[in-house]
Amino acid sequence: MTDNDGEADLEARLVEQERFEPPAGFVEQANVADESIYEEFEENWPHAWTRAADMLDWDSEYSQVLDDSEGPFYEWFADGTLNASYNCVDRHVENGDKNRAAIQWEGEYGETRTYTYQDLYREVNEFAAALRDLGVEEDDVVTLYMPMVPELPIAMLACARIGAPHSVVFAGFSADALATRMNAADSRYLITCDGYYRRGDPLDHLQKANDGLGGVDHGVDATVVVDRLGEDGFGHDLKGNQHDWDALLAEHTGARVDPVERSAEDMLFLMYTSGTTGQPKGVKHTTGGYLAYTTWTSHAVLDLEPEDTYWCSADIGWITGHSYIVYGPLSLGTTTVMYEGTPDFPERDRLWELVEKYAVDVFYTAPTAIRAFMKWGSEFPERHDLSSLRLLGTVGEPINPRAWKWYYKHIGDEACPIVDTWWQTETGGMMVTTLPGINTMKPGSAGPPLPGIDARVVDASGEEVDAGRAGYLTVDRPWPGMLRTLYQNDERFVNEYWQEYSDPDADEWVYFPEDGAKIDEDGYITILGRVDDVINVSGHRLGTMEIESAIVGVEGVAEAAVVGGDHEVTGEAVYAYVILEDGYEGTDEMQDAIIEGVNEAIGPIAKPEKVIFTPELPKTRSGKIMRRLLEEIANGEELGDTTTLRNPEIVEDIQVKVSD
Ligand code: 6R9
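Residues numbered from 1 in each chain as written. Predicted model: local features only at pLDDT ≥ 70, side-chain atom pairs only at ≥ 80, totals over all residues. Heavy atoms only, no water.

Engineer: Looking at this structure, I do not really get the nonpolar core. What am I missing?
Structural biologist: Taken as a class, soluble globular proteins show a tendency for nonpolar side chains to be buried jointly. Core analysis: the biggest nonpolar cluster contains 125 residues, and W49, F77, L120, F127, L144, I191 and Y327 have the highest contact counts within it. Sequence-distant contacts of L120, that is, excluding residues within four places in its chain, are made with V89, A102, I103, I154, L157 and L330. Membership of the second largest hydrophobic core comes to 32 residues, among which are V337, A369, W404 and I411. (Core = buried A, V, L, I, M, F, W, Y, C linked by side-chain atoms within 4.5 Å. Buried < 20%, exposed > 50% of the residue type's maximum accessible area, 1.4 Å probe, protein only. Contact = heavy atoms within 4.5 Å.)

Engineer: Where do I start with the sheet that holds strand 16 (residues 309–312) in this structure?
Structural biologist: Sheets are built from strands paired through backbone hydrogen bonds, the pairs being either parallel or antiparallel. One open sheet accounts for seven strands, arranged 5-4-17-16-18-19-20; its pairing is mixed. The open sheet has two edge strands with one neighbour each: strand 5 (112–116) and strand 20 (418–421). Between one strand and the next, the sheet's axes are offset by a mean angle of 20°, whatever the strand orientation. Sheet topology places strand 18 (residues 362–365) next to strand 19 (residues 391–395); four bridges connect them, and they run parallel. Along strand 19, the bridge assignment pairs Y364 with G393. Sitting on the sheet, helix 17 (residues 401–411) touches strand 18, strand 19 and strand 20, and the angle it makes with strand 19 is about 150°. (Pairing = 2+ DSSP bridges. Helix = DSSP H or I, 4+ residues; strand = E, 2+ residues; numbered from the N terminus. Axes fitted to C-alpha atoms, helices over the stretch in contact; angles between N-to-C directions.)

Engineer: Would you explain the domain arrangement of the protein chain in this entry?
Structural biologist: How big an interface is tends to be stated in terms of accessible area lost as the parts join. When the domains of the protein chain are assigned, the result is domain 1 (95–260), domain 2 (455–530) and domain 3 (536–659). Using C-alpha coordinates to define each centre, domain 1 is positioned 36 Å away from domain 2. (Domains from an automatic or database assignment.)

Engineer: For this particular structure, what's the right way to read the pattern of salt bridges?
Structural biologist: Side-chain pairs of opposite charge can arise where the charged atoms are in close proximity. All told, the structure shown has 45 salt bridges when counted by the stated rule. Here D582 ties to K375 by a salt bridge, and the two come within 3.8 Å at their closest N and O atoms. Here K375 lies in helix 15 (residues 367–376) and D582 lies in the loop between strand 28 (571–580) and helix 20 (588–601), a separation of 207 residues in the sequence. Put simply, K657 and D653 hold a salt bridge, and the shortest N to O gap is 3.8 Å. Taken together, the residues K657 and D653, both in helix 22 (residues 650–659) and four residues apart, mark about one turn of the helix. Salt bridges linked by common partners bring E42, D454, R456, E464, D476 and R477 together as one network. (Salt bridge = Lys/Arg side-chain N within 4 Å of Asp/Glu carboxyl O.)

Engineer: Mind showing me how you'd approach the UniProt feature "domain: Acetyl-coenzyme A synthetase N-terminal" (unreviewed entry) in the protein chain here?
Structural biologist: The sites that UniProt annotates as "domain: Acetyl-coenzyme A synthetase N-terminal" (unreviewed entry) are residues 36–88. Annotation note: span residues 36–88, helix share 32%, strand share 11%, distance between end C-alpha atoms 29 Å. (UniProt positions renumbered as here; feature names shortened; annotations may be inferred.)

Engineer: Explain the sheet that holds strand 22 (residues 470–475) to me, please; I cannot follow it from the model alone.
Structural biologist: Spatially, four strands are ordered 21-22-23-24 in an open sheet, and the strand pairing comes out antiparallel. Whereas interior strands pair on both sides, the edge strands pair on one side only; in this sheet they are strand 21 (455–458) and strand 24 (525–530). The mean angle between the axes of side-by-side strands here comes to 45°, regardless of whether they run parallel or antiparallel. Pairing of strand 22 with strand 23 (residues 515–519) involves three bridges; the strand directions are antiparallel. Across the sheet, the residue bridging to G471 is A517, located in strand 23.

Engineer: Quick question: what am I supposed to make of a negative patch on the surface here?
Structural biologist: A contiguous patch of negative charge, built from D68, D503, D505, D507 and E508, is present on the exposed surface. Looking at the element boundaries, D503 is found in the loop between helix 18 (490–497) and strand 23. A residue is classified by how much of its surface remains accessible, and D503, at 34% relative accessible area, is partly exposed. (Patch = residues over 30% accessible without salt bridge, like charges linked within 9 Å, V, L, I, M, F, W, Y side chains within 5 Å. Areas by Shrake-Rupley, 256 points an atom, 1.4 Å probe, with all protein chains shown as cover. Lys, Arg positive; Asp, Glu negative; His and termini not counted. Charge placed at Lys NZ, Arg CZ, Asp CG, Glu CD.)

Engineer: What am I meant to see in the site of the ligand here?
Structural biologist: In the vicinity of the ligand there are 16 residues, among which D420, T421, T425, D515 and R530 approach most closely. Note that a nitrogen atom of the ligand is positioned 3.3 Å from one of the backbone N or O atoms of E397. In the complex, 90% of the free accessible area of the ligand, which totals 530 Å², lies under the protein chains. Elements with a minimum of two residues in the shell around the ligand: helix 13 (319–331), strand 20 and strand 24. Within the shell around the ligand, the residues separate by chemical class into six nonpolar, five polar and five charged. (Near = heavy atom within 4 Å. Polar contact = N/O pair within 3.5 Å; in protein donor to acceptor, adjacent residues only side chain to side chain. Nonpolar A, V, L, I, M, F, W, Y, C, P; charged D, E, K, R; others polar.)

Engineer: Help me out: how do you make sense of the packing of aromatic side chains in this one?
Structural biologist: This structure, assessed with the given rule, holds 36 aromatic pairs. Their ring planes at 85° and their centres at 6.5 Å tell us that W45 and W76 sit as a pair that is edge-to-face. A residue pair is termed long-range when its members are at least 10 positions apart, and W45 in the loop between helix 4 (36–43) and helix 5 (50–53) and W76 in strand 2 (residues 75–76) qualify at 31 residues. There is no split in this pair, since W45 and W76 are both buried. (Phe/Tyr/Trp six-rings, centres within 6.5 Å; stacked < 30°, edge-to-face > 60°.)

Structure, rendered in structure tokens:
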């Protein structure tokens, strides 16, 4: 056992505990602590959703909560009008909170910037005026290809102010990915950045942006470039229709732009997300339903108060950052923290240093990050005073009980509830999670569906499965934050999400998120992962995530990815790719321990056919393991596209090991 071993950090007491009650100190102050809320939504559905809509300031009130006359093209609060920028900025200035910090930004090197709501108001207005002068009109799609700089949320809110939907493209994506998305959205405007810092080095972002622009099929009317690097910059000259952000703001000093009155169903933004085919899906979110939903869930699940300092460590380039760095927290008037860099630069305690420095109240991150922290060891959080924390959250993938407990103990000091929130780009906001002031927590299980969310676990024929059985997650009733369509592709929208379990003739529509799940006797849902990741061994359906959780539970294992490889007899067989913690080696004993661990947790049926030890797993830039690739490697197939990998160099390494 090494100093870095996460297991050694957890006492047997915690390892064995399966249920955790919300700490009394938390419950006392929770925004939502009365469990009658579940019934209220049940009895007054869909009217109960006015609770979310009422958290917003409307220009004109809606007369109907839900219009379900043309399912699955649902409309929420449809005849109401509002502006998202007004709700996230102006109303807090008007309510006497103009001096509260809206955005607390920290650069990689400790450079800081604080934007009060008044500052945000000023810059959003000035940039909105600049966009108008560049020719941007209501409903023009503006592409934002920017790293974690404050100008990104400012640009989003400026777009929202003038009713121009934004389409944020994650800065880590390639030039080609940018071009594909600009082409798909017919977007003629680009806001970007000269570069940013990563692990001490300046990165040339503008070169990528320019390359991307070269692949745009239609004319681009204007590009705006933020100067992040100053003297560290790469010396690109701005071309004809490229403008410097600071110069534009200077030209518009003091400008004010009235927030445009938008219909609730008007598009707030587009977000491209990968699907099963190569062509990314342009998920369309709306002004009223999306903003109401992210505001309500930020209040009910993240428990945010205006006085809070809140930090979601995601990148704004993903849906988590849109909903829970920008729109939800700012709509509530909270202080939202943005960090430019990575968790391990300059040292592995960087995040905890920031939690201490800003006295962060609520922290939201991904299980992948937690497993990395665990691997690095508890000495890093122990260097800092984390006692300001009140609530912790996770999102993006299943969290295995061991990582959950490590987070609970070493970050939350056993005093903070953890919300394990299941949702997707398409759902707009959280769907399945405990309410932190109400529900018992069960590590590894996300929890019950939120009030008003009709999530179920069904079998292939759509029948609800018994407790403990694996099935498919479905959502039977619409919710305000749902995607409205795939941009300019209603047909694909219906085919992707509303085919499997709907009965169009009976006008019954069931949303299918393509995740496997199981449900327990208390109605808690455990997500088993994307159904394209389910393995079928001898006719038994096995969740790769479940096997991974078992493997990660083995002493010395840091991370695991399991895929189905072809097998002559059983159809598929379990291939386990395993990363060990520092100080452990991929010996025969280790392999036996892993097989035994799976045996114990699930049964011999899930036993890995092959265990492959590797120093890294192929991951997309959003941190998701690329299972498709691991399956191809397992099957000795020709590899598909690896261009979206963060670490393509690892692929060959793993191939060699598998063929050994
Ligand atoms: C928000 C976000 C969505 C997919 C989703 C599921 C997985 C998200 C999860 C989770 C288990 C959780 N996922 N949250 N799995 N537990 N708490 O991540 O959106 O990038 O669209 O990914 O992520 O498989 O279908 P997105």
